[in-house]
Amino acid sequence: ALVKSTDRGTQGDTEPGAPTSPGPGRSWADVFGTAAKPSSSSPPMPPMPWEEAAAAPAPSWTAPIERFLASAAASLSAATQPPPPHPKPRLPRSVDFTSAPSHYTTLGVAPTAPQAEIRAAYRRLALEHHPDRRGARGEERMARVNAAYAVLDSPRARRSYDYDLR
């Protein structure tokens, strides 16, 4: 005969004497003896990544707030300190290109000079006035040489420049 179960966790009828739950700290595998017993011949399996993540404590909801407060305090302390002095003052980058009479004079070539002569003059002046060689003194002169070569290197820009010189 079947007995009506009075346990809240089970549904339906059970046989008399049948367990209704495994009990605290036990599983059904323990009750029925089907639990896997580790073999002594093989080493134990390492834990899987998801098992390690489940075993780790859940992150605190205050951790992001604590990180924010720590970074804000560091920023505030850095903002209250005066900035370190600049190692050396930089020269202004603005160069007055109108003070050079012409691009031909800047490169030291004639207005009728061929392209190869203009290129050779540019390379010679670039080596001579490069800021790595002359420091800050060569920056302004090198800027003028670059601007002159940029115009005289392009045939179309050179024609337009020659027309404007007339």
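Being a predicted model, the structure only gives us computed values, none of them experimental.

The rules behind the values
- Residues numbered from 1 in each chain as written.
- Predicted model: local features only at pLDDT ≥ 70, side-chain atom pairs only at ≥ 80, totals over all residues.
- Heavy atoms only, no water.
- Helix = DSSP H or I, 4+ residues; strand = E, 2+ residues; numbered from the N terminus.
- Contact = heavy atoms within 4.5 Å.
- Areas by Shrake-Rupley, 256 points an atom, 1.4 Å probe, with all protein chains shown as cover.
- Salt bridge = Lys/Arg side-chain N within 4 Å of Asp/Glu carboxyl O.
- pLDDT = per-residue confidence, 0-100.
- Phe/Tyr/Trp six-rings, centres within 6.5 Å; stacked < 30°, edge-to-face > 60°.
- Buried < 20%, exposed > 50% of the residue type's maximum accessible area, 1.4 Å probe, protein only.
- Axes fitted to C-alpha atoms, helices over the stretch in contact; angles between N-to-C directions.
- Parallel < 35°, antiparallel > 145°, perpendicular 65-115°, else oblique.
- Nonpolar A, V, L, I, M, F, W, Y, C, P; charged D, E, K, R; others polar.
- Core = buried A, V, L, I, M, F, W, Y, C linked by side-chain atoms within 4.5 Å.

Undergrad: Now, about the overall build of the protein chain: what can you tell me, with residues and values included?
TA: Scanning the protein chain from N- to C-terminus turns up eight helices and two strands. Taken from N to C terminus, the helices and strands of the protein chain fall in the order β-β-α-α-α-α-α-α-α-α. Within the protein chain, contacts between residues separated by at least 24 positions form 46% of all contacts whose residues are at least 6 apart in sequence. Accessible surface for the protein chain amounts to roughly 13600 Å². Of this, 60% is attributable to carbon and sulfur atoms.

Undergrad: A description of the pattern of salt bridges should follow, citing residues and the corresponding values.
TA: A complete count under the given rule lists one salt bridge for this structure. One salt bridge in this structure joins E140 and R144, with 3.1 Å as the shortest N-O distance. Of this pair, E140 and R144 both sit in helix 7 (residues 137-153), four residues apart, roughly one helical turn.

Undergrad: Quick rundown of the confidence of the model for the protein chain? Include the residues and the values.
TA: Of the residues in the protein chain, 69% reach a pLDDT of 70 or more, and the chain-wide mean stands at 75. The lowest-confidence element of the protein chain is strand 1 (residues 3-4), averaging 52 in pLDDT; the highest-confidence one is helix 5 (residues 115-129), averaging 91. Note that residues 93-97 has pLDDT below 50 and, in this model, eight contacts with residues that lie over four places away or in other chains.

Undergrad: Before we move on, can you summarise the packing of aromatic side chains with the specific residues and values?
TA: Under the criterion given, the structure shown has two aromatic pairs. When the centroid spacing of 6.1 Å and the interplanar angle of 50° are considered together, the rings of Y104 and Y161 count as tilted. Remark: Y161 occurs in helix 8 (residues 155-165) and Y104 occurs in helix 4 (residues 103-107); sequence separation between them is 57 residues. In this pair, the class of Y104 matches that of Y161, namely buried. An angle of 10° between the planes, with centres 4.0 Å apart, marks the rings of Y122 and Y149 as stacked.

Undergrad: Any chance you could break down the packing of helix 7 against helix 8 for me, citing the residues and the numbers?
TA: At their nearest, the axes of helix 7 and helix 8 sit 5 Å apart, and the two run at 100° to each other. Relative to helix 8, the element helix 7 is oriented roughly perpendicular. Between helix 7, through V151, L152 and D153, and helix 8, the contact on the second element is made entirely by P155, A157, R158 and Y161. A per-class count over the contact of helix 7 with helix 8 returns five nonpolar, no polar and two charged.

Undergrad: Report on the nonpolar core, specifying residues and quantitative values.
TA: Counting residues in each nonpolar core, the largest one holds 15 residues, and the members touching the most others are Y104, L107, V109, I118, Y122, V145 and L152. Among the secondary structure elements, those contributing two or more residues to this core are helix 4, helix 5 and helix 7. Here Y104 is in contact with V109, A110, P111, L152, R158, Y161, D162 and L165, once residues within four sequence places are set aside.

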